Amino acid sequence: MQQVKSGQNPVLYKEVQDLVGDKLGNVFDPQWLERTQEQNDRQLDKLEVDLCQYKLNSIKEKVRMGHNDLGSHYYAVGNLNEALKCFMRTRDYGTTTKHTLDMCLSIIRVSIEMGNFSHVINYVTKAEAQAEQPADLSTVAKLRAAAGLAHLDGGKYKQAALKFTQMKLEVGKENNQPVMKNIHPDELCYNDVLAPQDVAVYGGLCALATFDRPELAARVMEDSAMKQFLELVPDVRELIADFYHSRYSSCLALMDKIRGDLLLDMYMNAHVDKLYAMIRSKALIQYFMPFASVKMPTMSEAFGTTVPELQKELTELIMKKDIKARIDSHNKIVYARQTDQEVSTFHKALQTGLEYERQTKALLLRLDLIRNDMSIKATRGVHGPPRGDREED
């Protein structure tokens, strides 16, 4: 509550008060609420008067700044709808690319707070089209992080992972090769939306759930920019390394360790169960892939589960055709389904024979057409009729 009272948002104070009540020694402070509301009203009156004065003087830049200040005030006091309207009005008074970028970033920030992520995607696209070259590293980092949040909210985990792990920027070319510069975590400067640690957590988990091994290595494990972010969250860095090196028991233990924090995360909490299930299923598939058969007691020990639970998981993966295998329930062994090479070779030979027959019939038809003078002949004259016309006798 002290953190809330350090701001000027009475709406947020009331919401937190309703949720927390008198728990944790919290005491409702009506004096602070009344005092803050009065200060906000005085500040609002001043900003509105200033804006009217700017409009009377017809100073375009001052009007833009007046709308921007008014939007910032509404955002600070929790009136997000009015904040969005004010920031959108600055579009009519912007004269430079920087003004457009500032407008887009302000609208993106408010839209994220409102949970309107379709709006976020639209203005990220608009901002990226307006960005100057070479672009400001902080602006690029903010846009990619915002796009990653929007994709995460929509359950598009692969797109989210690509955005969160794309923390580098092309700054030029040397010998026809792009020169890349890493975006340092300190250059993100987006603490009112998300922290650099969040980029590591969101990007790392989405990457584990959706990237294949080569992509995971190239974009996460060996990427110098992403390494800087992962250094801020050692548990996520270690669980990614454990997953990549097939140390699944340790990986799953670390995932259980951070699960509680993720369930309290305002952006990630709704996706924890789905992402964890995707990562676990992917681990089961990768564990089984090199083997012709696996004993379920050994596999259950590696994944920290019981044999009946493991059998249930494997059955679901087999039914989804993610694993080509069959289960010996009596002996508790999983056997990989081997392709019948004899049948496969027969089908290939049959297809080859049918294709040969088709080509032979086409060739014989062409020969009959030529023999009966029914073919289309090309003229050789420069100014003659176009190619494909029949020559006349």
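Residues numbered from 1 in each chain as written. Predicted model: local features only at pLDDT ≥ 70, side-chain atom pairs only at ≥ 80, totals over all residues. Heavy atoms only, no water.

Caption draft 1: Up close: the layout of surface pockets. Space inside the largest pocket adds up to approximately 590 Å³. Lining the largest pocket are 21 residues, and of these Asn9, Leu12, Tyr75, Glu113 and Asp192 sit closest to its centre. Elements with a contribution of two residues or more to the lining of the largest pocket: helix 1 (2-5), helix 2 (10-20), helix 4 (60-77) and helix 6 (97-114). Along the lines of polarity and charge, the residues of the lining of the largest pocket split into ten nonpolar, seven polar and four charged. When its volume is computed, the second largest pocket comes out at roughly 220 Å³. Around the second largest pocket, the lining residues are Ala277, Met278, Arg280, Ser281, Lys282, Leu284, Ile285, Glu313, Glu316, Leu317, Lys320 and Asp322. (1 Å grid on protein atoms, 1.4 Å probe; cavity = no way out; pocket = protein on both sides within 12 Å on 5 of 7 lines; lining within 4 Å. Points joined across faces, edges and corners; volume = space filled by probe spheres on them. Helix = DSSP H or I, 4+ residues; strand = E, 2+ residues; numbered from the N terminus. Nonpolar A, V, L, I, M, F, W, Y, C, P; charged D, E, K, R; others polar.)

Caption draft 2: Molecular detail of the state of the cysteines. For the structure shown, the criterion picks out zero disulfides. You can see Cys52 has no disulfide; the closest cysteine sulfur is in Cys86, sitting 12 Å from it. Relative accessible area serves as the criterion here: at 48%, Cys52 is assigned to the partly exposed category. Unpaired in terms of disulfides, Cys104 finds its nearest cysteine sulfur in Cys86, a separation of 16 Å. The exposure class assigned to Cys104 is buried, which follows from its relative accessible area of 0%. (Disulfide = S-S within 2.5 Å. Buried < 20%, exposed > 50% of the residue type's maximum accessible area, 1.4 Å probe, protein only.)

Caption draft 3: Spatial organisation of the sheet that holds strand 3 (residues 293-295). One open sheet holds the three strands; their spatial order is 3-5-4, and the pairing between them is antiparallel. Looking at the sheet topology across the chains shown, the edges are occupied by strand 3 and strand 4 (325-328). Adjacent strand axes in the sheet meet at a mean angle of 20 degrees, parallel and antiparallel pairs treated alike. Relative to strand 5 (residues 333-336), strand 3 runs antiparallel, the two sharing three bridges. Bridging across to strand 5, Ser293 finds its partner in Tyr335. With respect to the sheet, helix 15 (residues 272-288) is in contact with strand 3, strand 4 and strand 5, its orientation differing from that of strand 5 by roughly 70 degrees. Sheet contacts for helix 17 (residues 307-319): strand 4 and strand 5; angle to strand 4, the most-contacted strand, approximately 150 degrees. (Pairing = 2+ DSSP bridges. Axes fitted to C-alpha atoms, helices over the stretch in contact; angles between N-to-C directions. Contact = heavy atoms within 4.5 Å.)

Caption draft 4: Quick peek at the nonpolar core. Residues Ile108, Ile112, Leu149, Leu194, Tyr202, Leu216 and Leu239 are the most contacted members of the largest nonpolar core, which totals 98 residues. With ten residues, the top contributor of residues to this core is helix 8 (residues 137-153). Beyond its immediate sequence surroundings of up to four residues, Leu216 is in contact with Ala207, Leu208, Phe211, Met221, Ile240, Phe243 and Tyr244. Core analysis: the second largest hydrophobic core is formed by five residues, Val4, Tyr13, Val16 and Leu33 among them. (Core = buried A, V, L, I, M, F, W, Y, C linked by side-chain atoms within 4.5 Å.)

Caption draft 5: Representation of the side chain of Thr90 in the model. Structurally, Thr90 can be placed in the loop between helix 5 (80-89) and helix 6. Overall, Thr90 belongs to the buried group, its relative accessible area being 5%. At 2.5 Å, the side chain of Thr90 forms a polar contact with the backbone oxygen of Phe87. Contact partners of Thr90, with chain neighbours within four places excluded, come to Arg64, His67, Asn68 and Met103. (Polar contact = N/O pair within 3.5 Å; in protein donor to acceptor, adjacent residues only side chain to side chain.)

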